[in-house]
Amino acid sequence: MREIRVLFSKTDRCKYISHLDINRCMSRALVRAEIPLWFTEGFNPHPYMSFSLPLSLGVESYCESMDIRIVGDMTNAEIKERLNNALPTGIRIMDVYDDFRDCTEIAYSDYVYKFEFADNEAAFEKIKAVLEADSIFALKKGKQGRRRVLKETDIKPFIDKYNVSIRDGEIVLNIRLAAGNDKNLNPTLLFDTIIRLIDMDYEWKSISRIALLDKDYKIFK
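Residues numbered from 1 in each chain as written. Predicted model: local features only at pLDDT ≥ 70, side-chain atom pairs only at ≥ 80, totals over all residues. Heavy atoms only, no water.

### A look at a negative patch on the surface
This is how it is decided: Here the term patch refers to residues with relative accessible area over 30% and no salt bridge, with like charges joined within 9 Å and nonpolar side chains (Val, Leu, Ile, Met, Phe, Trp, Tyr) within 5 Å. A 1.4 Å probe and the Shrake-Rupley method give the accessible areas. Residues count as covered only by the protein chains that appear here. By definition, a salt bridge exists where a carboxyl oxygen of Asp or Glu is found within 4 Å of a side-chain nitrogen of Lys or Arg. Positive: Lys, Arg. Negative: Asp, Glu. His and the chain ends are not part of the count. For charged residues, the charge sits on one atom: NZ in Lys, CZ in Arg, CG in Asp, CD in Glu. Where helices and strands are cited, they refer to DSSP runs of H or I of at least four residues and of E of at least two residues respectively, numbered from the N terminus. A 1.4 Å probe rolled over the protein chains alone gives each residue an accessible area, and that area as a share of the maximum for its type sets the label: buried under 20%, exposed over 50%, partly exposed in between.
Among the surface-exposed residues, Glu 116, Asp 199, Asp 201 and Glu 203 lie close enough to one another that they form a single negatively charged patch. Here Asp 201 is to be found in the loop between helix H4 (187-198) and strand S10 (202-213). Its relative accessible area of 69% is what places Asp 201 among the exposed residues.

Okay, here's the thing in structure tokens:
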């Protein structure tokens, strides 16, 4: 038995597949691809599967990973080919490898946000002002006794660095967010907060996770 990591992308319509459904999709693909999985022992045997960092619904990614355990001598190249033939359009296996790091070493995520507004110039100035502010207060769901309430939370400390520009008729925001066990910022919460604070309706948007990094800003694999 050996443990391997499967690196994959989730794009196009598949960005609307929830983390639970991705788990089911991968389970079925592994069976269809006839990957020789290792199963746990006991009364309810099941294949070992572990995902690195669950992704928000509606966010694309080019750096998702899944750890599995296999038996036999099937090569990583064959596993990649078999899985790609069994997966739907929008989920592609990019790499399969043996030597990998523990997911607890993830500290940051790099994202690319793309916005389009009726007035991009005005939206650009407002977005820049929000990001340059000393504090950025998001509204997060919480509980006060038995009542559900919205609580203000300053998310500025969760933003490591960013760059915002206008390119080809779109506002492009490259941003690095905390993504570790101690500090973690949901990219959708950041988007919702920006839109609320600039008080403008957007015409179109996309969010893509392009890299996971450790505390030293090295690519996590």
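And the narrative resumes.
### Focus: the confidence of the model for the protein
As a reminder of what qualifies: Confidence per residue, as judged by the predictor, is encoded in pLDDT with a range of 0 to 100.
Looking at the protein as a whole, the pLDDT averages 93, with 99% of positions reaching at least 70. In the model of the protein, strand S6 (residues 137-144) stands out as the element of lowest mean pLDDT, 81, in contrast to strand S9 (residues 170-178), which has the highest, 98.

### Things to note about helix H3 (residues 120-132)
Counted only if it meets this: Every helix has an expected span of 1.5 Å times one less than the residues it contains. Relevant arc is that of directions from the helix axis to the C-beta atoms, nothing else. Should any heavy atoms of two residues lie within 4.5 Å, those residues are counted as being in contact.
Between the first and last C-alpha of H3 there are 18 Å, a value that for 13 residues agrees with the 18 Å anticipated at 1.5 Å per step. Turning to H3, its buried residues are Asn 120, Ala 123, Phe 124, Ile 127, Val 130 and Leu 131. For H3, the angular spread of the buried residues around the axis is 130 degrees, confining them to a single face. In H3, the exposed positions angled more than 90 degrees off the buried face are occupied by Glu 121 and Glu 132. If you follow the buried residues of H3, they end up packed against strand S5 (108-117), strand S8 (159-167), S9 and H4.

### Side note on the environment of Ser 61
For clarity, the cut-off: Here a polar contact means two N or O atoms within 3.5 Å. Within protein one must be a hydrogen donor candidate and the other an acceptor candidate, and residues neighboring in sequence count only if both atoms are side-chain atoms.
Take Ser 61: it is sitting in strand S3 (residues 60-70). Classification of Ser 61 by relative accessible area gives buried; the value is 0%. Placed 42 residues apart in sequence, Ser 61 and Cys 103 show a C-alpha to C-alpha distance of 17 Å. Apart from the residues lying within four places of it in its own chain, the contact partners of Ser 61 are Ser 9, Lys 10, Thr 11, Leu 55 and Arg 209. Among the polar contacts made by the side chain of Ser 61, one reaches the main-chain amide nitrogen of Cys 63 at a distance of 3.2 Å. At a separation of 2.6 Å, a polar atom in the side chain of Ser 61 contacts the side chain of Glu 64.

### Here's the deal with the pattern of salt bridges
Applying the stated criterion to the full structure yields 13 salt bridges. Ionic pairing is found between Arg 69 and Glu 3, a salt bridge with its closest N-O pair at 3.4 Å. Here Arg 69 is found in strand S3, whereas its partner Glu 3 is found in strand S1 (residues 2-10), with 66 residues between them in sequence. With its nearest N and O atoms 3.7 Å apart, the salt bridge here joins Asp 95 to Lys 221. Separated by 126 residues along the polypeptide, Asp 95 in strand S4 (residues 91-97) and Lys 221 in the segment after S10 bring together distant segments of the chain. For Asp 95, a relative accessible area of 26% corresponds to the partly exposed category. Linked by salt bridges that have partners in common, Glu 34, Glu 78 and Arg 82 make up one network.

### Regarding empty space enclosed by the protein
Rules: In the cavity and pocket records, a cavity denotes points on a 1 Å grid over the protein atoms alone where a 1.4 Å probe fits but cannot get out, a pocket denotes an open set with protein on both sides within 12 Å along at least 5 of 7 lines, and lining residues are residues with an atom within 4 Å of a point. Grid points are joined across faces, edges and corners, and a volume is the space filled by probe spheres set on the points. Gly counts as polar in this scheme, as do all residues outside two lists: the nonpolar Ala, Val, Leu, Ile, Met, Phe, Trp, Tyr, Cys and Pro, and the charged Asp, Glu, Lys and Arg.
Inspection of the entire model under this criterion finds one cavity of 30 Å³ or more. What the largest cavity holds in volume is close to 90 Å³. Lining the largest cavity are Phe 8, Lys 10, His 19, Ile 22, Phe 51, Ser 52, Leu 53, Pro 54, Leu 55, Glu 64 and Ser 65. Classifying every residue of the lining of the largest cavity by side-chain character gives six nonpolar, three polar and two charged.

### Remarks on the packing of aromatic side chains
Describing an aromatic ring pair means giving the distance of the ring centres and the angle of the ring planes. Using the following cut-off: The rule is short: rings of Phe, Tyr and Trp, with Trp giving its six-membered ring, pair when the centres are within 6.5 Å, and they are stacked under 30 degrees, edge-to-face over 60, tilted in between. In this scheme, Lys NZ or Arg CZ marks a charge over a ring once it lies within 6 Å of the ring centre and within 35 degrees of the ring normal.
For the coordinates displayed, the defined rule picks out six aromatic pairs. Consider the rings of Tyr 113 and Phe 115, whose centres lie 6.1 Å apart with planes at 15 degrees: the pair is stacked. When its relative accessible area of 0% is taken as the criterion, Phe 115 is described as buried. Here the basic side chain of Lys 183 rests over the ring of Phe 158, its NZ or CZ set 5.6 Å away from the ring centre. If you follow Lys 205 out to its NZ or CZ, it ends over the ring of Phe 191, 4.9 Å from the centre.

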